[in-house]
Amino acid sequence: MTADDWYNLVFIIDEGTQGDGTSNFTIYVDDITQVSSSTSSVISDFEVNGSLDQFDGGQTEVVDNPDTNGNSSDKVLRLVKNAGQPWGGSKFVVTDKFNFASEQKIKIKMWSPRVGLKLNLKIEDEVPWPGVKATATVIGTTTVACSLIDLGSGKIIGISSFENPQRFGGSDTLNRISYETTKYPGELQAVIISGLNFEIGELCKKNKIRRSHIYEMVIVGNTTMRDIFFGIDVAGVGQKPYKSITQLELEEGKSTTTSVSNKAKNLGIRINKNADVISPPLISCHIGSDVTADLISIDVENIKENFMLLDVGTNTEIILGNKDNLVAASCPAGPAFEGGEVTYAMPGYDGAIEKFSIDKGSQNYDTINNSVAQGICGSGLIDLLASLKSNSIINELGVLTNGDNFFELENTNGIKLSRSDMSALAQAKAANYCGQSIAIKRSGIDINEFKQLFLSGGFANYINVENAKKIGFLIDTPNANILKIGNSALNGAITVSYTHLRAHETLRYLVCRLLL
């Protein structure tokens, strides 16, 4: 065992211990203590940590310590077997995040009010943290992505995504803040937790995993989405100084981090009730823990040359620089490229037009999974705007040159792009472009000095980069190698989950070095 590994504790009762055949037989389990040559510390007292994952053939409950005659708040674990049932070889598993250095030993206090007891203690250390699962989740303004992870191996068991059910409260963060703080406080938190509970249940069912085996949940998202999830007042994020309460407390010296944590049972998350639900530190203002996860995902500590990362979404985040000089920015692009504010826009589901071109006057398009066209997703909208511009069907202002109020796609059963749609798209792409431009100016890095451009996010993973440059969605970085890296915020959250403490320390270090 090493100090960086995590284990369950497995206790096996010696052969021959059993009841007298006439009444129930009870064993009490008190403090579990970790002992070294110089110190000892209680690692499970059954009051705030430690839960039973398995007990062969009996009943368990946490009760007041009977030795204190009701004069103490001390709790103990009571194990009960019915009359005549043998205890020999019975096993119970205390499931918590126990961590041991190689020179340390474990002591456990156990007794029975009826007979003497022999105890054989075994730590099941062949596989670190055996059987324990975690979930890592990105709460986007428009889309939520959720993963299930085996913490022993680091293997990703399953990933799913769904539309953020909070959208009835507004399509962007400012509308969500208004809804949360003036209309129905707590409602947005309730619906996202309900949605996650359902999605986690589906992942568990598909992969034959018990919810109670999930002992950690990592949540990342922009500042508003994260704080709403944890039930933190978001009023200050929507008005000056545009900061989370956690950031204000850090600046005032009331806390040492903007990380947030709680227990699953307190939030109503249907996993192991004692599971830790944690979110890494945010950067500042609207730049949330999803950006922190982005940095972990690309292993920014080892990037010496200048790079730019765009996490494209309803709120696009921009990170640029190198390991010694980082700048971060956020720009409210809106949901136009993610299925909102455009009449026939839709997320990247079956039937979404994902590619479009006009060749010698002939329209061509591809849909996701070759399904019948239902609408247009973000990558298709970029291609459509670029094609209309290249073929002089619209001018620089996005106005149709023939004077019509809409452009209709052929063989799509009436899918159209109107002037108001093009206006919404123009605002969204301008927000992305301006955010990149301002961040580059703030960094002092010449546009020709960028060596890598990371495009993050489900939508960004499928865009035609040249078309995105053509319509002014992306700044042209002529010497940069372009890498599409998928959902880097989710990948970073997964890394935080299975690397645990090391990643947490890395996050604090990175956040402290960012220039905003």
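Calculation criteria
Residues numbered from 1 in each chain as written. Predicted model: local features only at pLDDT ≥ 70, side-chain atom pairs only at ≥ 80, totals over all residues. Heavy atoms only, no water. Helix = DSSP H or I, 4+ residues; strand = E, 2+ residues; numbered from the N terminus. Buried < 20%, exposed > 50% of the residue type's maximum accessible area, 1.4 Å probe, protein only. Contact = heavy atoms within 4.5 Å. Areas by Shrake-Rupley, 256 points an atom, 1.4 Å probe, with all protein chains shown as cover. Core = buried A, V, L, I, M, F, W, Y, C linked by side-chain atoms within 4.5 Å. Pairing = 2+ DSSP bridges. Axes fitted to C-alpha atoms, helices over the stretch in contact; angles between N-to-C directions. 1 Å grid on protein atoms, 1.4 Å probe; cavity = no way out; pocket = protein on both sides within 12 Å on 5 of 7 lines; lining within 4 Å. Points joined across faces, edges and corners; volume = space filled by probe spheres on them. Nonpolar A, V, L, I, M, F, W, Y, C, P; charged D, E, K, R; others polar. Salt bridge = Lys/Arg side-chain N within 4 Å of Asp/Glu carboxyl O. Parallel < 35°, antiparallel > 145°, perpendicular 65-115°, else oblique. Polar contact = N/O pair within 3.5 Å; in protein donor to acceptor, adjacent residues only side chain to side chain. Phe/Tyr/Trp six-rings, centres within 6.5 Å; stacked < 30°, edge-to-face > 60°. Lys NZ or Arg CZ within 6 Å of the ring centre and 35° of its normal.

1. So, the overall build of the protein
Along the backbone of the protein there are eleven helices and 26 strands. Residues classed as buried in the protein amount to 53% of the 516 residues present. Sequence separation of at least 24 residues holds for 66% of the intrachain contacts in the protein that already meet a minimum separation of 6. Of the roughly 22900 Å² that the protein leaves accessible, carbon and sulfur atoms contribute 46%.

2. Re the nonpolar core
The biggest cluster of nonpolar side chains holds 49 residues, and the ones touching the most others in it are L320, L417 and F473. Apart from residues lying up to four places away in sequence, F473 is in contact with V312, F337, I382, K429, N432, Y433, Q436, F459 and A468. One finds L148, I214, I219 and V260 within the second-largest nonpolar core, a separate group that totals 32 residues.

3. Side note on the sheet that holds strand β19 (residues 352-359)
Two modes of strand pairing occur in sheets, parallel and antiparallel, and in both the strands are linked by backbone hydrogen bonds. What the three strands build is an open sheet, ordered β20-β19-β21; its pairing is mixed. At either margin of the open sheet sits one strand with a lone partner, and together these are β20 (362-367) and β21 (375-376). As paired elements, β19 and β21 share two bridges and run parallel to each other. The partner of I353 across the bridge, within β21, is I376. Sitting on the sheet, helix α7 (residues 378-390) touches β19 and β21, and the angle it makes with β19 is about 15°.

4. A few points about the layout of surface pockets
The computed volume of the largest pocket comes to approximately 990 Å³. Along its surface, the largest pocket is lined by 40 residues, and T143, E338, G457, G458 and F459 are the ones closest to its centre. Of all the elements in the fold, those that place two or more residues in the lining of the largest pocket are β10 (133-139), β11 (143-150), β12 (156-163), β17 (315-322), α7 and α10 (488-499). When the residues that make up the lining of the largest pocket are grouped by side-chain class, the tally is 16 nonpolar, 19 polar and five charged.

5. A word on the pattern of salt bridges
Tallied over the full model, the rule gives eleven salt bridges. Among the ionic pairs, K133 bridges to D150, the shortest N-O distance being 3.7 Å. You can see K133 sitting in strand β10 and its partner D150 sitting in strand β11, a full 17 residues away along the chain. Residue classification places K133 among the buried residues on the basis of a relative accessible area of 9%. D150 gets classed as buried once you look at its relative accessible area, which sits at 19%.

6. A look at the packing of helix α6 (residues 289-297) against α10
At a closest axis distance of 7 Å, the pairing of α6 and α10 adopts a crossing angle of 75°. Classified by the angle between their axes, α6 and α10 sit roughly perpendicular to one another. Along its contact with α6, which presents D290, A293, D294, I296 and S297, the element α10 presents S488, A489, N491, G492, A493 and T495. Looking at the contact of α6 with α10 residue by residue, the classes come out as four nonpolar, five polar and two charged.

7. Some remarks on the side chain of Q436
Summarising the element assignment, Q436 is placed in helix α8 (residues 419-443). Polar side-chain contacts of Q436 include one of 3.0 Å to the backbone oxygen of F473. Excluding residues that lie within four positions of it along the chain, Q436 makes contacts with M308, L310, I318, F473, L474 and I475.

8. As for the packing of aromatic side chains
Applying the stated criterion to the full structure yields five aromatic pairs. For the pair F307 and F454, a centre-to-centre distance of 5.9 Å together with 70° between the ring planes defines the contact as edge-to-face. Taken together, the positions of F307 in strand β16 (residues 307-311) and F454 in strand β24 (residues 452-456) put the pair 147 residues apart, joining distant regions of the chain. Assigned by exposure class, F307 and F454 land together as buried. Linked through ring pairs, F168, Y179 and Y184 together constitute an aromatic cluster. A cation sits over an aromatic face here: K416 above F406, 5.6 Å from the ring centre.

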